[in-house]
Each structure stands twice: as C-alpha cells, then as structure tokens.
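Chain residues, written in single-letter form:
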Amino acid sequence: MSYQHPVRPGRGHRPGRSDRSGRGDTSGRGDRPATRRRATANQGPGPYAGRALRHLSDYAWRLLVVAAAGYLILMVLGKFHLVTLAFFLALVITSVLRPLVDLLARRMPRSAAVLLGLVGAVLVIAGLLALIGETVAMEASSLGEEFTGGVDRLERFLAGNPFHVDPKVFDDLRGKVTTYVSEHRSTLISSALSGAGRVAEVATGAALALFTTVFMLHSGDRMWLWTSGQLPEGARDPYHRAGRTAWRTFAGYTRGIVIVAGTNAILVGIALFLLRVPLALPLTLLEFFASFIPLVGSPIAMAVASIVALASRGPVIALVVLALIVVIGQIEGHLLHPLVMSWAVNLHPVVVAASVLCGSIAAGVIGAVVAVPAVSVVWAVTRELRSGEEPTGAADRGAGQSS
C-alpha cells in the first residue's frame, strides 16, 4: 500500500477556481463583471451622480433659506424706509467727514471737532444752494426769451434740409400739451400738493440722519465695541473682521465716488461755461449728484444739459454737449474709476450694471444709488470671512495631532 501526500492548495491551485475555458465553479470570478453591470443598471445613478445630487440638494436648500432671509430683511427695510435712508445718509456723511474730524481732534476736543466739521459741511451745502437760487433768479428773465427763441430755431432747423418736418406737426404738439395740462390740472395740482406734503417727512429724515451722524462721529468706536460685547466670545472675532472690512469698503467707495463725481462736475462745468449754456451751475451740480449712480447717472445729466443747450444755443452746441457725454464717459470709465475706485471696490462692470438695474427696479433712484455699495460691502465681507476659514483637512489633521 503506497502512501500519498495530502494535496495542499498552493499558489497554482485554488478551490472553486475555473479554468481558462470558463468551466468549473460558476460562482467564481467568471461572471462577476456581468453581475456588477446588472446590479449597477438596476440601482440607477452611480456613486458619483448620487454624490453630486446630494451636494446640489444641500446647496439648494441653503440658498432657499438665504433668499428667504434676504427677502424678509428687504421687506423690513422697506417698511421702515425713512429710518433706513436716514441711517444710510448718516453712514455716507460719516465716511466723508470722519478723516476731517479725526484730523481736527488732534488739536481740539472731540466734541468741538465734530461740531466744527458738521457746521462747515452745512455751510458749504447751504452756500451752494444759495448760489444756485441766485443764478436761477438772475437768469430767469432772459431764460424765457432764450428758450422761446431756441424752440423757434429748432422748428426751423427741423423744417429744413434734410428733415423736412411739416410745421403743422409742431402746432399739433403744442395743442396736445395744452389740452393735456388743462384736462389733468386737478391731478397735477394734487400731485404737487402730495409732493409738498412729503417735505415734513424729508425734514424728519434729514434731522434723524444728522442726529445719528453726530454720535457716529463722536463715539462710533464705543458704539461698535458695545455691540460686539453683546455677542458670544466665539463670534466676536469674525464680527470685528467683517465690520472692519465692511466699513473700509463702504468708506472707500463713498470717498471714491465723491472724487469721481467732483471731477466729472468740474469738467462739465468748464465745458458749459465755455459754450455759454444757460444754467451752467445748476447743470454742473446735477452732473455731480447724478454721478453717484454708476454708468447711467452721468449720461442722463448730460442729456438734460444737451436739451437745454438745444433750446437755448441751437443744434450745433447741443451736438457738442452730446459729444461731451462720450468724452467724459471714456475719462470716467478708463481713467477715474481704475485709479480711484480700484483700491476700494473690485467689481466687474457687468456686476455693477446688474446691481444698478436691480436696485432701480426694487427701489427706484434710491435703490440705484444704494445697490453698488451694498453689493461691494457684501462681497468684501464674504471674501474676508472665507479667507479666514481653516480648511477642513487641515482642521482634521490638527485635531488628530493634538489628540
């Protein structure tokens, strides 16, 4: 009887392993790819698609919550629009006068510096308004004759080559305007009275803005520290960083837009004085305040100036004023904004245009003015808070090393 060694499964022999022809145990690896494909087909989206949908749904409900919160905030601000506008105006005045008050506070008490800065600003604004009123009063007698003669020159210009407009068209237009005014006289009077009734509301908002500005200039730092003291300690550092970034961006934008508006107004004023266009000073101030609306404010003001030039000085001077729209727009867009605003605000022109449009749709002219600084502040704060976040992987590694 011969002895046979037991056969041990080695590297070349594995139980249940089929040969190259596919015979043997059918539960081995031979049918695993097909089974895996059938299982994948039955389960629907793969692991990558499922992960992408999960991330998309997470971001979707977070965006919905943020959108709902933003809508509620806008509703509250719109409900108390007078307080909101007064606070915004106080921030603007504070951002402009703060460097002057800080400079004066080095040589005198803080209260005296605040009083001197505010009185100086009020005197400058009152002087400009008085100068405008005096200019309009002095030119009022001759303006009527100039506008009447300008309209006659415009009619003769349109009736000649190459337009050949029938003079009856102008007569019909005058008749329609007169008929409209006579038929809607009561509506126009009621609108004027309702506008006059808002003078008290505007005065109240201005008084509230001035009152808030005094405290912001005098003790804004202490107000900020008191507000931060009401927060938990873990939230104070992000709060301080966000606040510093928001104020730096807002103050930089406000001072920059004042510089840009002042430069535009100076250029327009010099051109209108040289062209001897009536109401040059009021039109210059209109250009200054219109420049606070980016992209569209300055062209609108120059269009008004061109209409005045057309009625008073003729079509040639009006065309020159229209050419100024292009020239000043190029100077503002390619020289002033890159030099003055780049250190404060870094927004693409498409974002600026969309912000102005959305703000004007939501709240009219005030929304167009507020939109760009608001978007700039939100974007700057978001970048600041994101730059201070520690990556998840680094945080996990640090936690593992510390444990």
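Quick note: structure is the one above.
Note that the coordinates shown come from a computational prediction; the quantities given were computed from them, not determined experimentally.

J.: Which parts of the structure should I look at to understand the nonpolar core?
T.: General note: in soluble globular proteins, nonpolar side chains tend to be found buried as a group. Of all hydrophobic cores here, the largest spans 15 residues; its most connected members are L272, V277, L283, I317 and V321. Every residue in contact with V321, bar those within four places of it in the chain, is listed here: L272, L275, M302, A305, S306 and A309. Counting residues in each nonpolar core, the second largest holds eleven residues, with A261, I293, A368 and V372 among its members.

J.: Help me understand unusual backbone geometry, please; the structure alone is not making it clear to me.
T.: The general pattern is negative phi for most residues beyond glycine and trans for most peptide bonds. Of note, the phi angle at R276 is positive, near 55°, even though the residue is not glycine. According to the relative accessible area criterion, R276 is exposed, its value standing at 57%. With a phi close to 55°, L279 is a non-glycine residue in the positive phi region. Mapped onto the elements of the fold, L279 is located in the loop between helix 8 (233-274) and helix 9 (280-290).

J.: Please clarify how the packing of helix 7 (residues 199-229) against helix 8 should be interpreted in this entry.
T.: The description of two helices packed together rests on the angle between their axes and the distance between the axes. Relative orientation of the contacting elements helix 7 and helix 8 amounts to 145°, with a least axis distance of 10 Å. Helix 8 is crossed by helix 7, and the crossing has right-handed handedness. From helix 7, W224, L225, T227, S228 and G229 reach across to helix 8, where they touch R236, Y239, H240 and G243. Here the residues of the contact of helix 7 with helix 8 sort into three nonpolar, five polar and one charged.

J.: For this particular structure, what's the right way to read helix 9?
T.: Along an α-helix, residues three or four apart share an orientation, since each turn contains 3.6 residues. Helix 9 sits mainly inside the fold: nine of its eleven residues count as buried. Buried residues of helix 9: A280, L281, P282, L283, T284, L285, E287, F288 and A290, and no others.

J.: I'm lost on the packing of helix 3 (residues 81-105) against helix 8 in this one. Help?
T.: At a minimum axis separation of 9 Å, helix 3 and helix 8 run at an interaxial angle of 80°. Classified by the angle their axes make, helix 3 and helix 8 are roughly perpendicular. Residue-level contacts link F88, L91, V92, T94, S95, V96, R98 and P99 of helix 3 to W247, F250, A251, T254, R255 and V258 of helix 8.

Each value, and the rule that gives it
- Residues numbered from 1 in each chain as written.
- Predicted model: local features only at pLDDT ≥ 70, side-chain atom pairs only at ≥ 80, totals over all residues.
- Heavy atoms only, no water.
- Core = buried A, V, L, I, M, F, W, Y, C linked by side-chain atoms within 4.5 Å.
- Buried < 20%, exposed > 50% of the residue type's maximum accessible area, 1.4 Å probe, protein only.
- Contact = heavy atoms within 4.5 Å.
- Helix = DSSP H or I, 4+ residues; strand = E, 2+ residues; numbered from the N terminus.
- Axes fitted to C-alpha atoms, helices over the stretch in contact; angles between N-to-C directions.
- Left-handed = near helix turned anticlockwise from the far one by under 90°.
- Nonpolar A, V, L, I, M, F, W, Y, C, P; charged D, E, K, R; others polar.
- Parallel < 35°, antiparallel > 145°, perpendicular 65-115°, else oblique.

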